Amino acid sequence: MARGNRLFLIYITAGGLRLARELKESLFPEAELARFKKGLAGSIWDEAGAIAFIGATGIAVRAIAPFIKSKTEDPAIIAIDEKGENIISLLSGHAGGANALSKKIAAFTKGNPVISTATDLHSLYAIDLFAAENELLMENPEILPKVSAGHIEKGRLTVYSDLNNPGLPEDYERATIPSGADAVISNRLYNSDALFLRPGNLVLGMGLNSGTGLDEIESAVKDFLINGGFSPLSLNLIATHEKKLCEEGLKAFALRHGIRLAGFTSEELNSVSGVKKSDAAMRALGAQAVAEPAAILASGRKDLLIRKKKTGNLTLALAQKNSNRLFVIGTGPGGLSHMTPHAMAAIRESAVVIGYKSYLDQIAPLLDGKEIISSAMTQEVDRAKMAVSLALEGKKVSVISGGDPGIYGMAGLIFDVVESMGADVDVDVIPGISALNACASKLGAPLMHDFAAISLSDRLTPWEQIEERLSAAARADFVIVLYNPKSKGRAKQIERAREIISAHRAPNTLVGIVRGAMRDGEEVTITTLASMLSQNIDMHSTVIIGNSNTRRLGRHMVTPRGYERKYEL
Ligand code: SAH
């Protein structure tokens, strides 16, 4: 089971609570505080990435004892005395991160980190920690103790890697060939008694006859990869024709191995040039071929590692995913407490953080020691190009975007720039709370029924199209969320929008206006379509126009879902 990544600070006394609050405020905004009680450790065990007990070591040890499984499965456990003088790394020292966490807390409390694992004592970067941090899977973990012992004895580790990302830590020596290296980072099979770390970067293109069973897929894929010289552990994605996504055997195979599936239409598959054509695919699906073009499309690359091979009911081809990574991260509407722990963790891991200055200011506590690139709002294209170029150098880059990056944010632009540069960059989008969630929550529950989000900015969208969408959404009685309602140079659009909506909705329709949600100086107003323009609306505001049923309940604005018609409430 995948381990959660929540950080819990468990306190026992008032002094412990004080320290827990200080740690949350200054170091770990995402931390969750809880008072110690019986049964607590068990209830949070699977969810926790780390648990810090502030209190006696004995209490911590007794509380966790029944749940301990192994160093690859257990959360990081540390015990801290309530004055923060000793910070003891108890469990999951390096792979789980307890040692690093202890050091970080000790640096803050000016206390003493108590660490007993050998590689950390010698201030070496343990290879299992390096693997965990870089999402590399260990193929032969049984030799880890031997490799770690050698690392400590020699004070260095020789590593062969055929990837430029991740870069290697300073105390590792780069080997030029795999044989003789202590560890090998590659998706390829080599004859070596090294510790093999596998990146999840292989994309398998697959054509298959209907009804092909799990067993046939299992053995054909394994043989194909191994005979081709690649590790099955590196297989991350299977790409096929969209009509094949419902094949039971394929679905079961993907589920069993945690492999993602991607399906393409015949039209998309036919857009790829230079692939071997297949008469069978043309007859059955109208596609020139499946395995090769699907692998090329899903990998984001132009060439294949292995051209197609037919075995039994399957046709297989192999490609490698883009190797450099870029995160586009949603920072939410305001302060750190409205950002997801996942987004915070991704920023912590990044070497470079790029974003608009005011968004960077909001997350300042996470940016210590990082290369920061900020720019003005209108330079987002330059920011995107810069981010892709830095990712191409093999750096871990995060582009931050307010709210959700995929809602009028940076995500779409980044994908466009990666495509137009033909860049070897794999993009990961990490969601955030958008203005529509944040503002709706401040108003009550105005989005309980169907709604449309429309931006009134005509910088990138022709105004006529915005007018058409406003009119269509108003006519269909959607609740309407207006982003970018007004700025200094754009005052008329909100007036025109109100006019268009008024053609289909009564003057007393409720309108919620939220300015600077979840930020200092937040303003929340509930008014009507008739009076909305006399309110303060600017580029920090979101306007939510209710549908014909939206009503006021005390200080709230609520759009009924219809429960009241169906049930007695
Ligand atoms: N990606 C962002 C939206 C960017 S467009 C998101 O998902 O929220 C910028 C517009 O978002 C602003 O003009 C405003 O309409 C809205 N917005 C962003 N943050 C807001 C906040 N904290 N309160 C109210 N509206 C906000």
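Structure: see above.
Not measured: the values here are computed from a predicted model.

What follows is about the pattern of salt bridges. If the charged atoms of two oppositely charged side chains come close together, the side chains can form a pair. Scanning all chains against the criterion turns up 25 salt bridges. R307 is the salt-bridge partner of E292, the closest N and O atoms lying 2.8 Å from each other. Here E292, found in helix α12 (residues 291-299), pairs with R307, found in strand β15 (residues 306-311); they are 15 residues apart in sequence, far enough to count as distant. Taking the relative accessible area as the measure of exposure, R307 reaches 39% and is therefore partly exposed. One salt bridge connects K321 with D426, and the closest N-O pair in it is separated by 3.6 Å. Highlighted residues: K321 in the loop between β16 (314-320) and β17 (324-330) and D426 in strand β21 (residues 425-430), separated in sequence by 105 residues. Connected through salt bridges with shared partners, the residues R6, E32 and E47 form a single ionic network.

A few words now on the site of the ligand. In the region of the ligand, 20 residues are neighbours, and I407, S434, M539, S541 and T542 sit closest. At a separation of 3.3 Å, a nitrogen atom of the ligand approaches a polar backbone atom of P333. Here an oxygen atom of the ligand and a side-chain polar atom of S434 are 2.6 Å apart. Considering the ligand on its own, with 540 Å² of exposed area, one finds that the protein chains cover 92% of that surface. Of all the elements in the fold, those that place two or more residues in the shell around the ligand are α17 (435-443) and β27 (541-545). Tallied by class, the residues present in the shell around the ligand amount to 10 nonpolar, 8 polar and 2 charged.

A pair of packed helices can be characterised by two numbers: the angle between their axes and the separation between those axes. Direction vectors running N to C along helix α15 (residues 380-392) and helix α16 (residues 411-421) enclose 60°, while the axes themselves pass 9 Å from each other. Taken as axis vectors, α15 and α16 run oblique relative to one another. Handedness of the α15/α16 crossing: right-handed. Across the interface between the two elements, E380, V381, A384, K385, A387, V388, S389 and L392 of α15 pack against L413, I414, V417, V418 and M421 of α16. Grouping the constituent residues of the contact of α15 with α16 by class yields 10 nonpolar, 1 polar and 2 charged.

Taken together, the side chains of M448, Y563, Y567 and L569 make up a nonpolar region of the molecular surface, amounting to roughly 480 Å² of accessible area. In this fold, M448 is placed in the loop between β22 (444-445) and β23 (451-455). Accessibility expressed as a relative area gives 36% for M448, which makes it partly exposed.

Note: strands within a sheet are paired through backbone hydrogen bonds, in either parallel or antiparallel orientation. Ordered by their spatial adjacency, 5 strands build an open sheet running β14-β13-β12-β16-β15, and the pairing between neighbours is mixed. The sheet is open, and its two edges are formed by β14 (260-264) and β15, each paired on a single side. Averaged over all neighbouring strand pairs, the angle between strand axes comes to 25°, with direction disregarded.

Moving on: the side chain of Q320. With respect to the element layout, Q320 can be found in strand β16. Reaching out from Q320, the side chain makes a polar contact with the side chain of N187 at a distance of 3.0 Å. Apart from the residues lying within four places of it in its own chain, the contact partners of Q320 are L163, N187, N201, S299, R301 and L305.

So, how was this worked out
- Residues numbered from 1 in each chain as written.
- Predicted model: local features only at pLDDT ≥ 70, side-chain atom pairs only at ≥ 80, totals over all residues.
- Heavy atoms only, no water.
- Salt bridge = Lys/Arg side-chain N within 4 Å of Asp/Glu carboxyl O.
- Helix = DSSP H or I, 4+ residues; strand = E, 2+ residues; numbered from the N terminus.
- Buried < 20%, exposed > 50% of the residue type's maximum accessible area, 1.4 Å probe, protein only.
- Near = heavy atom within 4 Å.
- Polar contact = N/O pair within 3.5 Å; in protein donor to acceptor, adjacent residues only side chain to side chain.
- Areas by Shrake-Rupley, 256 points an atom, 1.4 Å probe, with all protein chains shown as cover.
- Nonpolar A, V, L, I, M, F, W, Y, C, P; charged D, E, K, R; others polar.
- Axes fitted to C-alpha atoms, helices over the stretch in contact; angles between N-to-C directions.
- Parallel < 35°, antiparallel > 145°, perpendicular 65-115°, else oblique.
- Left-handed = near helix turned anticlockwise from the far one by under 90°.
- Contact = heavy atoms within 4.5 Å.
- Patch = residues over 30% accessible without salt bridge, like charges linked within 9 Å, V, L, I, M, F, W, Y side chains within 5 Å.
- Pairing = 2+ DSSP bridges.

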